[in-house]
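What the coordinates show
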Amino acid sequence: MAQLRWLAIVDSGVGQRPGKEVVQLYVAPQNSSIIRPIRELKDFAKFHLKVGETNQVIFRLSSRAYAYFNITTKDFIVETGTYEIQIGRSSRYIVLTEKAEVIGKKY
């Protein structure tokens, strides 16, 4: 069974008009033994907010979210190590980070 991480985000409509919001979840491997992107988009949520409304977004993150495809073994592999979970409106606007220690596995 895949390990699950639950993350909850609360956002509030503080503007003068209703609008849409996008919340994105990224996984950023720290000290990988191979060259990987700085962060990888793993999930996102888009929702409508009324003025003054608060919404909770829950992301379910399995261990597969930490995997990369190894072209030599032709398998997905999760490296043991520290990963940073990043939440933001975009990859350039990260507002929340949390470290996760992950045990490696091969799929």
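Structure report, in brief. (Residues numbered from 1 in each chain as written. Predicted model: local features only at pLDDT ≥ 70, side-chain atom pairs only at ≥ 80, totals over all residues. Heavy atoms only, no water.)

**A few points about the overall build of the chain**
Going by this rule: Numbered from the N terminus, helices here are DSSP runs of H or I no shorter than four residues, and strands are runs of E no shorter than two. Burial here depends on accessible area, computed with a 1.4 Å probe over protein chains only, as a share of the maximum for the residue type. Under 20% is buried, over 50% is exposed, and the range in between is partly exposed. The contact definition used throughout considers only heavy atoms, calling two residues in contact when any of these lie within 4.5 Å. In this description, accessible areas are obtained by the Shrake-Rupley approach with a 1.4 Å probe, and a residue is regarded as covered only by the protein chains that are shown.
Helix and strand counts for the chain stand at zero helices and nine strands. Counting the 107 residues in the chain, one finds 36% classified as buried. Within the chain, contacts between residues separated by at least 24 positions form 64% of all contacts whose residues are at least 6 apart in sequence. With an accessible surface of roughly 7200 Å², the chain has 53% of that area assigned to carbon and sulfur atoms.

**Quick notes on the pairing of strand β6 (residues 75-78)**
Cut-off, in case you're wondering: At least two bridges found by DSSP between two strands is the condition for calling them paired.
Examined bridge by bridge, strand β5 (residues 68-70) and β6 share three bridges and lie antiparallel to one another. Note that in β6 the partner of Y68 across the bridge is I77. Connecting β5 to the antiparallel partner β6 that follows it, the hairpin turn spans four residues, and K74 within it adopts a positive phi of roughly 55°.

**Brief notes about the pattern of salt bridges**
Put simply, the rule reads: Salt bridge, as used here: a side-chain nitrogen of Lys or Arg that lies within 4 Å of a carboxyl oxygen of Asp or Glu.
On inspection of all chains with the given rule, the structure shows four salt bridges. A salt bridge links E21 to R89, with the nearest nitrogen and oxygen atoms 2.9 Å apart. With E21 in strand β2 (residues 19-29) and R89 in strand β7 (residues 81-90), the pair connects residues that are 68 residues apart, well separated along the chain. For R89, a relative accessible area of 36% gives the class partly exposed. The network of salt bridges with common partners includes R36, E40 and K42.

**With respect to a nonpolar patch on the surface**
Spelled out, the test is: Residues enter a patch when their relative accessible area is above 30% and they make no salt bridge; the linking distance is 9 Å between like charges and 5 Å between nonpolar side chains (Val, Leu, Ile, Met, Phe, Trp, Tyr).
Judged by side-chain polarity, F69, I71, F76 and Y107 come together as a nonpolar surface patch covering roughly 390 Å² of accessible area. Within the fold, F69 resides in strand β5. Judged by its relative accessible area of 43%, F69 is partly exposed.

**Some remarks on the nonpolar core**
As a reminder of what qualifies: For this analysis, a nonpolar core means a set of buried residues of the types Ala, Val, Leu, Ile, Met, Phe, Trp, Tyr and Cys, connected via side-chain atoms within 4.5 Å.
Core analysis: the biggest nonpolar cluster contains 18 residues, and L25, V27, F59, L61, Y66 and I85 have the highest contact counts within it. Those elements that place two or more of their residues in this core are β2, β3 (40-49), β4 (54-61), β7 and β8 (93-102).

**Notes on the pairing of β8**
In this structure, β7 lies alongside β8, joined through nine bridges in antiparallel fashion. Its bridge partner being in β8, I87 is matched across the sheet by L96. In this antiparallel pair of consecutive strands, β7 and β8, the connection spans two residues.

**Some details on the side chain of Q24**
In this fold, Q24 is placed in strand β2. Apart from the residues lying within four places of it in its own chain, the contact partners of Q24 are L41, D43, F44, Q86, I87, G88, R89, S90 and S91.

**With respect to the sheet that holds β5**
Overall, antiparallel pairing links the three strands, which are arranged β5-β6-β9 in an open sheet. Among the strands making up the open sheet, the edge pair consists of β5 and β9 (105-106). As paired elements, β6 and β9 share two bridges and run antiparallel to each other. Counterpart to I77 in the pairing with β9 is K106.

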